[in-house]
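# What the coordinates show
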Amino acid sequence: MNAIEVTDAHIALVGNVVLRGVNLSIAQNQFIALLGPNGAGKTTLLRAILGLVKPYQGAITVLGKPAGQINTEIGYVPQTRSVLAHANMRGIDFVASAIRGAQWGWPSLSASQRHEVDWALDRVQASGLALRAIHEMSGGERQRLLLAQALLGRPQLLLLDEPLISLDLQHQNNIIALVREIQQDLQITVLFSAHEINPLLGVVDQVLYLGNQQAALGTVNEVITESVLSRLYATPIEVLHQRGRVFVMAGRTEVVKPDHCHDA
Amino acid sequence: MMLEYEFMQNAFAASGMVALVAGVVGYFLVLRRQAFAAHALSHVGFAGATGAVLIGCSPLVGVVAVTLLASTWMGLLADRLEGSDVATAAVLSLALGFGMLFLHFYTSGPSSASALLFGNVMGVDQDLLWQLGAISCICLALMALITRPLVFSTLQPEVALARGVGPRKVAVLFLAVVALCTAVCIQIVGVLLVFTLLVGPAATVQLFTLNLRRGAMLAAALALLQAWLGLVLAFYTDWPTSFWITALSSTIFLLARMWRYRRTHRVPSHAH
């Protein structure tokens, strides 16, 4: 059984077609980088896998079930929202808020649920953040908590939407190494959306590149090529390899620029 | 002694119940950064109260009906209302204006207007006490019911949606609780001072605790303390109760702010 099976999917957002006739078979136990220019539909594809966006044609199957039916078995980290920058609460309470978060009632944890939260925090090396205030944490620390929360319930599939955004290079590398370690230890599938491939080179099993309403799935060497990217950018693309880094060029300008903004 | 008077007994009971509810609801209101919603609802409530009196209903019924309507509308438009402060301000002014107009037609004198705007807890009779008690219980029960999805959806709206909790459903339910809470607060401290019970204690408590459950409980306790201390001071000074509650609420918040500021900006001794 594949982790994700996309069959002839057509997806549109407010009337704009984002993906047209996409077919994908993503095997289990893979670390996959989800790449593509802004607006290519990275977030939309992740939301479609959760059933939050429905294809107007075609189908998406997740772990053998139609998308949206087993979301409790999917760990999802959306792009960080500003709410967390103001959240005057402890790290552990934030992580625990997802436990039975969809059910009515006053939040209270059983011993085994508390144990599960401790496990998740430990898994992302964030036990030290449990009692600290979220709004006083750095972007990298908050990213760890989000990851811990997504691991609750031991999901088979992890969807991470731009987890590297607004992190400096060192924190980017820490998060990537952590996710890779978790992916291999727990034998799960990770879909990791990112702005560019370079920080992920040598870590990912496969690349899923979106663009021009199409998708390409394969190893880095299969996908980051002039013929594939020229199709996805709908313009002649040159791929340069230098000092172990990849530069994607259109004419004389770099199409994908590294995004190491420093977090506040 | 002050508790020999029936009006004081009623005042203590009414302000106590309302303060407990306001503390808890206010805590989540501040967590969601929606304090302005309470402000808006109380203004709309003013028009509801005066309108109800005009057609011969009790003001409380009018406030509850109108604030519930307004809160549902606000919840449904939640994402679109964000940042539309000009539109909200226009609706608020209009609500106050209509309140004024209804008062103008119902000429029972300015004292009832002052009671609505600034509260009249000493004037709570047995009937009103029961009504306040019932609404307070409904508020607390609803709050306890929605807490988990509310917190989840506040912190992680997208993930909550993926797990089947629509942010709009949660927003509508929570704002309904806020509407009911605002309605009972108006009876105690009036339309213009609702913040003093709803937001003051919650904001103060958030400076001291990061623990969600303890925070909600502490906010309720602090609101209760302010309300009852305000009543005692009002009884012995003969100044308005609302003034004392407001003065306590603001003073405690400012002192807490200063204490926090000094603590976080203190130079560590080993730095010398």
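The structure contained in this document is the topic of the report that follows.

### A closer look at unusual backbone geometry
Residue and element names in this part refer to chain A.
- One non-glycine residue with positive phi stands out, namely valine 14, at about 30°.
- On the secondary structure map, valine 14 appears in the loop between strand 1 (4-13) and strand 2 (16-26).
- When the 5 C-beta atoms within 10 Å are taken as the criterion, valine 14 is described as exposed.
- In this structure, arginine 243 takes a positive phi of about 45° despite not being glycine.
- Examined against the element boundaries, arginine 243 turns out to sit in the loop between strand 11 (238-242) and strand 12 (245-250).
- Take arginine 243: there are 4 C-beta atoms within 10 Å of it, and that puts it in the exposed class.

### With respect to the sheet that holds strand 6 (residues 74-77) of chain A
Residue and element names in this part refer to chain A.
- Spatial ordering of the open sheet is given by 6-7-8-3-9-10, a layout of six strands whose pairing is mixed. In this open sheet, the two strands that pair with only one neighbour each are strand 6 and strand 10 (214-218). Within the sheet, the average angular offset between the axes of one strand and its neighbour, ignoring direction, is 15°.
- In the sheet, strand 6 pairs with strand 7 (residues 157-160) via four bridges, with the strands oriented parallel. Pairing of tyrosine 76 across the sheet is with leucine 159, part of strand 7.

### Points about the pairing of strand 8 (residues 189-193) of chain A
Residue and element names in this part refer to chain A.
- Most of strand 8 is tucked away: five of the five residues are buried.
- Going residue by residue along strand 8, you find Thr189, Leu191 and Ser193 tucked away on one face and Val190 and Phe192 tucked away on the opposite face as well.
- One ladder, built from four bridges, connects strand 3 (residues 31-35) with strand 8; its direction is parallel. Counterpart to leucine 34 in the pairing with strand 8 is serine 193.
- In the sheet, strand 7 pairs with strand 8 via four bridges, with the strands oriented parallel. Looking at the pairing, leucine 160 lines up with phenylalanine 192 of strand 8.
- Crossover handedness for the path strand 7 to helix 6 (residues 169-186) to strand 8: right-handed.

### Some points on the interface of chain B and chain A
- Between chain B and chain A, the contact holds 24 residues from the first and 26 residues from the second.
- Among the elements that make up the side of chain B that touches chain A, the one with the highest residue count is helix 7 (residues 126-155) of chain B (10 residues).
- Its residues assigned to classes, the side of chain B that touches chain A shows 14 nonpolar, six polar and four charged.

Rules of the game
- Residues numbered from 1 in each chain as written.
- Chains lettered and ligands numbered in written order.
- Predicted model: local features only at pLDDT ≥ 70, side-chain atom pairs only at ≥ 80, totals over all residues.
- Helix = DSSP H or I, 4+ residues; strand = E, 2+ residues; numbered from the N terminus.
- Buried ≥ 20, exposed ≤ 12 C-beta atoms within 10 Å, placed from the backbone.
- Pairing = 2+ DSSP bridges.
- Axes fitted to C-alpha atoms, helices over the stretch in contact; angles between N-to-C directions.
- Right-handed = clockwise from strand over helix to strand, strands pointing away.
- Contact = placed C-beta atoms within 7 Å.
- Nonpolar A, V, L, I, M, F, W, Y, C, P; charged D, E, K, R; others polar.

Purely geometric stuff here, so don't read any function into it on its own.
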